[in-house]
Amino acid sequence: MTRKETKIPAPPSPERPQIADRAALYRANEPAFADWATSSDVLARDERTQVLVHDMVDVLHRRGQIKDKIEAYRLLGAADRIAQAAMWLVVHMTYARTVRINGTPLEAGDFKTSPDGHTGGSLNMVPAYVGYLLANALGGVTRSWLMGQGHCVAAIDAVNLIVDNMSSEQTERYSFSDPGLTRFVRDFYSYEIAADGRPVSPLGSHVNAHTAGGLIEGGYLGFAGLLYEHMPRPGERLVAFLSDGAFEEQRGSDWAPRWWRAEDTGLVAPIMIANGRRIDQRTTMAQSGGIDWFRRHLRLNGFDPVDLDGRDPAAFAWAIFEIEEHLEAAVTAQETDGAASVRLQYGIAETVKGFGFPGAGTNRAHNLPLTGNPRTDEAARCQFNEGVANLWVPPEHLSAAVLALNNHDKPKRPKERAHSLISRPSVTPSLPEPPWHASDGSAQVSPMEGLDEYFAALILANPDLRPRVGNPDEMRSNRMNATLDLLKHRVTAPEPGMPESQTGGVITALNEEAVVCSVLGNKGGLNLAVTYEAFATKMLGALRQDLIFTRQLIAVGRQPYWLGLPFVLTSHTWENGKNELSHQDTTAVETMWGEMSDLSRVVFPVDWNSAIACLRDAVRSHGAVWTMVVPKRDVPLALSSEQADRALSDGAICLREDGEDPPEIILVAIGAYQLVEVLKASDRLTEKSVLHRVILLVEPGRFRTPRDAQEATIAASEEIVGNLFPEASRARVFVSHTRPEPLCGLIRRLDTGSTTSRFLGFCGRGGTLDTNGMLFANRSTWAHVLAAVAEVTGRQALDFLTTRELDVVQGKRAPAGVIFDRNVP
């Protein structure tokens, strides 16, 4: 692979002749610089990078961060050799089942039968990640890192093995030796599964819990661009590796300058790997003006582009320093002139997909860059052996390079696998006494107002926890007034008379993905996301990525240090009829039930007290997402503080029962408006002297059949289930906020079968209706509950309903004036 074959356009510069002259002058007068500048036959080393790196070394030397320039160029040369060796190892991971560190060619039997890997992107990530390590070694600071293109994890794993920065699970299996590397490449895409159903290999197709230093899986492309600006705390530094392909995925990454503030956030260095290709075609950016267009786009959105050569680890190290230097200078200038926000620096690392190996720049480069399988194709085998021969580094040279770059004792700093964002101490919040509401038997209050009042109290009680609220819109409408007045919307130019501030803690944008990432990125802080229930579906991808990665961490013994996230769904299906069926959707809840219930906690508080009890339990948990369906309208106060605690502790509570005998029928409510209807049905059953019980199911996921041992830790015990749902009482009617079918599948432990159990809930019917209309359209009124009671007890509906009421249930008569009051405009 020659440089001519992989040439990319040079970034614009009016001083290119002067740059060439300066590079030549430096090489002529400084032997150490000249040795480094001309030492790489494989990695690109253009004259612009040479000059920029030379000037960077000068600055570091003057500051005393390096003892002499020779030491700096020794580190730069070490990075070259490590990057080259890591690229050599990456392509072995894709194709080979045998590795020989002496570099001898591989035979047909040394190759995998079914090669696999995201080879091109991983080859591009090697110089980036090595450049990150180099910047840390040069400056004596261990930064954190984030990679949006998680499928390029082979680069991270290969480099970490070479420099001995592996996780403990990987250290136990791999070493830089023929046997160790052979096991390493065989583990990559091995698909071997253990008896417990987990992968045997600690290597994944994407970043996983075994990836040393990994923060996100990066399987959902685009979210890293929404996360990084909210992640580091003051004093921390984060390098975020992004991609031009993922740039197309999630809107909102170009808003980072609107949110980043030096007052509460550490330094960020976003760098895009711009290789111009997606999986099977050019990126949209490449088709629509390329890097020139992207530079203009960045400038329009508050960034200053920083061009760098994406083929050279030294260029990445320079870019990290350059971005941080400019950001710090901009913050200083802001303090002087009072500017609203600073322009973030944004690195553009232009490269060729799969640079450094045959097939670079082709469509094949994404996955399998060779023209065939080297195991069965001689031409492909020759391509492979020639390609890796160009990348091979003699082991003794590589050992010296690793020793040089691993300078963590000069000064003492942590290994990159233990960077600051991954090794924070566990957060313990201060929990003020909740503002319980005493019941007088007739009180009606807004549960959202109670939640708001308590969250504001939590913020004031925890001044050391950075607060964030992710809010697509309508904080006031959703009754979050105290929180909004305390934190304020974060804006660049506050509007007079509005609850806005340049350092506000409420991240507001009509983009659900962007705002939920503002709280997911704020690990170690105090967070809350609030949204209309129907629009919460747009947040599910980001939430699921966070949940599954957290669960992987727990499985390998790494407990999450961050507090649980209250994910509040309000203005919900049953109280949002005025906005048509588009605003009536219970999908988010049902989807979150699909995740493992030990971390995906789905709760249905029904009043003020249960809402604040849910919030308290959410913020004192760790790593969980608490999906909370909370009414914003005034509803009856149904639970005392003691009952709310009991309901959260057990997942359910019995609110009414007749004596000690097993009831003939059990009515189960899931949701506030459903409880109102169930209690009305209960009143009628009492009139008819029918023994019954009313159960409020606050957290249905606790009553599922556990799918693994971890989920079993939060499952309701057999004692709780037996006490609430005695086996003798088989007739049961469940009335749910959600669609009935997902609930039925979820709580099979409570379902007694199609003849004795009925499930009522959202049937996908709605429109411009009030709550009564929604209940009737979806066959969930008290009258429908009683009709279901008749079915499961073998009685006649007229045993409980009048003829007019039964006509309503059967669709023969309009409901107004019969089962609820007439509507009054």
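Anyway, here's the lowdown on the structure attached to this text. On a predicted model such as this, the values are computed, not experimentally measured, just so you know.

### As for the nonpolar core
With 259 residues, the main nonpolar core has Ile82, Met125, Tyr228, Leu667, Phe703 and Val733 as its most contacted residues. For this core, the element with the highest residue contribution is helix α4 (residues 69-95), accounting for 17 residues. Look past the residues within four positions of Ile82 in its chain and what remains in contact with it is Val130, Val159, Ile162, Val163, Leu398, Ala401, Val402 and Leu405. Ranked by size, the runner-up nonpolar core spans six residues in total, among them Trp574, Tyr673, Met774 and Leu775.

### Things to note about the packing of helix α16 (residues 447-461) against helix α21 (residues 608-619)
What describes two packed helices is the angle between their axes and the distance between those same axes. With their axes 8 Å apart at the nearest point, α16 and α21 run at an angle of 35° to one another. For the element pair α16 and α21, the recorded crossing hand is right-handed. Contacts between α16 and α21 pair Pro447, Glu449, Gly450, Leu451, Glu453, Tyr454, Phe455 and Leu458 from the former with Trp608, Ala611, Ile612, Leu615, Arg616 and Val619 from the latter. Residues belonging to the contact of α16 with α21 are distributed by class as follows: 10 nonpolar, one polar and three charged.

### What to know about the sheet that holds strand β17 (residues 665-670)
In spatial order, the strands read β16-β18-β17-β19-β20; together these five strands make up an open sheet with mixed pairing. With partners counted over all chains shown, the strands left at the sheet margins are β16 (652-657) and β20 (757-760), one partner each. Direction aside, the axes of adjacent strands within the sheet are offset by 20° on average. Here β16 runs beside strand β18 (residues 692-697); their pairing, made up of five bridges, is antiparallel. In the strand pairing of β18, Ala652 is matched with Leu697. Lying on the sheet, helix α23 (residues 672-687) is in contact with β16, β17, β18 and β19 (732-736); it crosses β17 at an angle near 160°. Helix α28 (residues 782-793) rests against β17, β19 and β20 of the sheet, and its axis sits at about 160° to β20.

### Comments concerning the pairing of strand β14 (residues 625-629)
Counting buried positions along β14 yields five of five residues, so the element is predominantly enclosed. Burial of β14 is two-sided: the residues Val625, Thr627 and Val629 facing one way and the residues Trp626 and Met628 facing the other way are all buried. Pairing analysis gives four bridges linking strand β13 (residues 600-603) to β14, with the strands arranged parallel. Its bridge partner being in β14, Val603 is matched across the sheet by Met628. Read from β13 through α21 to β14, the crossover connection turns out right-handed.

### Things to note about the pattern of salt bridges
Throughout the structure, instances matching the rule amount to 50 salt bridges. Between Arg684 and Glu687 there is a salt bridge; the shortest N-O distance is 3.8 Å. Residue Arg684 and its partner Glu687 are located together in helix α23, separated by three residues, close to a single helical turn. Taking the relative accessible area as the measure of exposure, Glu687 reaches 60% and is therefore exposed. Across the salt bridge formed by Arg813 and Asp807, the nearest N and O atoms sit 4.0 Å from each other.

### So, the packing of aromatic side chains
Each aromatic ring pair is summarised here by two numbers: the centre-to-centre distance and the angle between the ring planes. On inspection of all chains with the given rule, the structure shows 24 aromatic pairs. Measuring from ring centre to ring centre gives 5.5 Å for Tyr129 and Trp145, while their planes differ by 70°; the resulting arrangement is edge-to-face. Residue Tyr129 is located in helix α5 (residues 119-139), and its partner Trp145 is located in strand β1 (residues 144-147); the two are separated by 16 residues in the primary sequence. For Tyr129, a relative accessible area of 0% puts it in the buried group. For Trp145, a relative accessible area of 1% puts it in the buried group. Here a set of aromatic residues connected by ring pairs shows up, and it is made of Phe247, Trp293, Phe294, Phe303 and Tyr346.

### As for helix α13 (residues 313-337)
For α13, with 25 residues, the first-to-last C-alpha span of 36 Å sits near the 36 Å given by 1.5 Å per residue. The opening residue of α13 is Asp312, an N-cap whose side-chain oxygen sits 2.9 Å from the backbone nitrogen of Ala314. Note on α13: the residue one or two positions beyond its end, Gly338, has a positive phi of about 70°.

### Some remarks on the pairing of strand β7 (residues 467-471)
Within a regular beta strand, the side chains point alternately toward one face of the sheet and then the other, so they alternate between its two faces. Counting buried residues in β7 gives five out of five residues, a clear majority hidden from the surface. Across the two faces of β7 the burial is the same, with Pro467, Val469 and Asn471 and Arg468 and Gly470 all buried. Bridge count for β7 against strand β11 (residues 526-532) is four bridges, and the pairing is parallel. Note on β11: the bridge partner recorded for Gly470 is Ala529. Strand direction decides the pairing type here: β7 and strand β10 (residues 506-508), joined by three bridges, are parallel. In the sheet register, Asn471 faces β10, and the bridge partner there is Thr508.

About the criteria used
- Residues numbered from 1 in each chain as written.
- Predicted model: local features only at pLDDT ≥ 70, side-chain atom pairs only at ≥ 80, totals over all residues.
- Heavy atoms only, no water.
- Core = buried A, V, L, I, M, F, W, Y, C linked by side-chain atoms within 4.5 Å.
- Buried < 20%, exposed > 50% of the residue type's maximum accessible area, 1.4 Å probe, protein only.
- Helix = DSSP H or I, 4+ residues; strand = E, 2+ residues; numbered from the N terminus.
- Contact = heavy atoms within 4.5 Å.
- Axes fitted to C-alpha atoms, helices over the stretch in contact; angles between N-to-C directions.
- Left-handed = near helix turned anticlockwise from the far one by under 90°.
- Nonpolar A, V, L, I, M, F, W, Y, C, P; charged D, E, K, R; others polar.
- Pairing = 2+ DSSP bridges.
- Right-handed = clockwise from strand over helix to strand, strands pointing away.
- Salt bridge = Lys/Arg side-chain N within 4 Å of Asp/Glu carboxyl O.
- Phe/Tyr/Trp six-rings, centres within 6.5 Å; stacked < 30°, edge-to-face > 60°.
- Expected span 1.5 Å × (residues − 1).
- Polar contact = N/O pair within 3.5 Å; in protein donor to acceptor, adjacent residues only side chain to side chain.

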